[in-house]
Amino acid sequence: MIEQDIKKFVLRRLIQKNGEPEPAGIIKLGIRSAFNAAFTEGELDSYLQQLADDNFVTIGRDDFGASMIDLTAKGRNTAARLIKLA
Amino acid sequence: MKTSPTKSAAWEEDSFWREVVAVLTGGKKLRGEHYLQNLSGEELEQLRSALSAPGTLSDQQKLCPARRGGKTDGELPPASLLSPISQAVREVTTLRALQRQDIISAATKDRCGQLGIDPQLTNAVVRVVAEEALRQQAENQVGNFAISAANVLLLAEGSRTKAKQEEVKIQLRKSKLTQDDRKIVLMEKKAAAYDRAQAALAAAKTQKGGITPETLTQIERELKLL
């Protein structure tokens, strides 16, 4: 269940970014802050990788070599259907 | 028959609570008998501060406004109801903090751009600061990291100013060298004129008829160049 909540949270955050990718580090810190849980780096990496495997997001790299998360078209459609932001 | 306009719930008037309800329901309609549906604006504020108070959920429960209407009127909301609301409040609060972070980052980038600081350095510092700020927030810490980061930017600005000053110094040195070159050329010209005047005088001394008006004119012309 929490995985589903994390998925929605990540999609919400990426929708907020309005087409700009977000550093994975910021997303992970956001998840920790929002869910008040002591997730390990490995757990958070695996949540993000799962989202990438399901084609909701892509994981790329920026000029500094940091992981960047971006929303795919499928992710955007899912977000619109699942989240329905107020 | 007249229909009275439906009075909207207090949460619908507040963008924060609208987002909380959207997280809770996934964008669906909130049930009419839901706890949040009958809370006033003040009670929603009370609920928000109760959920951010330190302690366990049952500690927070005691600070929450009582339920309104229905069979449970006047009772405190159960922990099973407060738990998802608390989670949704935390999610929305974090999303808002991230949004605020975006605004701060954009403003910082703008300012650094105005100061002419290397955009790559700015991006790196802005990101590190954002990550640290969020980490501190997640861990409920307050640190002086932002001050250190600001110092890094100031140092960068300082080195940029120093580099500019060096550039100006080099430019000044170059123009001084050009002036020196011109002085040398002028002095060489004067020396040549002196030599020519001396030669004309020496030639006049050895001439039979002595110094002629032509020789005088020539000497006068060379002397003017000195």
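Residues numbered from 1 in each chain as written. Chains lettered and ligands numbered in written order. Predicted model: local features only at pLDDT ≥ 70, side-chain atom pairs only at ≥ 80, totals over all residues.

**Student:** Looking at this structure, how should I read the overall build of chain A?
**Tutor:** On a plain count of helices and strands, chain A comes out with four helices and three strands. Relative to its 86 residues, chain A shows a buried fraction of 31%. Summarising the internal contacts of chain A: among those between residues at least 6 apart in sequence, 51% fall at separations of at least 24. (Helix = DSSP H or I, 4+ residues; strand = E, 2+ residues; numbered from the N terminus. Buried ≥ 20, exposed ≤ 12 C-beta atoms within 10 Å, placed from the backbone. Contact = placed C-beta atoms within 7 Å.)

**Student:** Teacher, can you tell me more about the pairing of strand β3 (residues 67-71) of chain A here?
**Tutor:** Consecutive residues of a regular strand have side chains that alternate between opposite faces of the sheet. All names here are of chain A. Inspection of the sheet shows strand β1 (residues 22-23) paired to β3 by two bridges, in the antiparallel sense. Across the sheet, the residue bridging to proline 23 is methionine 68, located in β3. Direction of pairing for strand β2 (residues 57-61) relative to β3: antiparallel, over a ladder of five bridges. By the bridge assignment, isoleucine 59 is partnered in β3 with isoleucine 69. Taking the residues that link successive antiparallel strands as the turn, the β2-β3 hairpin has five residues, and the phi of glycine 65 there is positive, at about 85°. (Pairing = 2+ DSSP bridges.)

**Student:** Looking at this structure, I do not really get unusual backbone geometry. What am I missing?
**Tutor:** Phi is mostly negative for residues that are not glycine, and the peptide bonds are mostly trans. Residue and element names in this part refer to chain A. Unlike most non-glycine residues, asparagine 18 shows phi in positive territory, near 55°. Relative to the helices and strands, asparagine 18 is located in the loop between α1 (2-16) and β1. Backbone geometry at asparagine 55 places phi at a positive 65°, although glycine is not the residue there. As for its placement among the helices and strands, asparagine 55 is situated in the loop between α3 (41-53) and β2. Given 12 C-beta atoms within 10 Å, asparagine 55 falls into the exposed group.

**Student:** Got a minute to help me understand the environment of Glu33(B) in this structure?
**Tutor:** Assignment of secondary structure puts Glu33(B) in the loop between α1 (15-25) and α2 (41-51). A sequence separation of 35 residues divides Glu33(B) from Arg68(B), and the C-alpha atoms of the two residues are 9.1 Å apart.

**Student:** Please explain the interface of chain B and chain A as it appears in this structure.
**Tutor:** At the interface, 20 residues of chain B touch 19 residues of chain A. Element by element, the count of residues in the side of chain B that touches chain A is highest for helix α5 (residues 119-138) of chain B, at eight residues. Residue composition of the side of chain B that touches chain A, grouped by class: eight nonpolar, five polar and seven charged. (Nonpolar A, V, L, I, M, F, W, Y, C, P; charged D, E, K, R; others polar.)

**Student:** Looking at this structure, how should I read the environment of Trp11(B)?
**Tutor:** Residue and element names in this part refer to chain B. The residue tryptophan 11 is located in the segment before α1 in this model. Considered as a pair, tryptophan 11 and serine 40 are 29 residues apart in the sequence and their alpha carbons are 7.8 Å apart. Those residues within four positions of tryptophan 11 in sequence are excluded, and the remaining contacts are Trp17, Arg18, Val21, Leu36 and Leu44.

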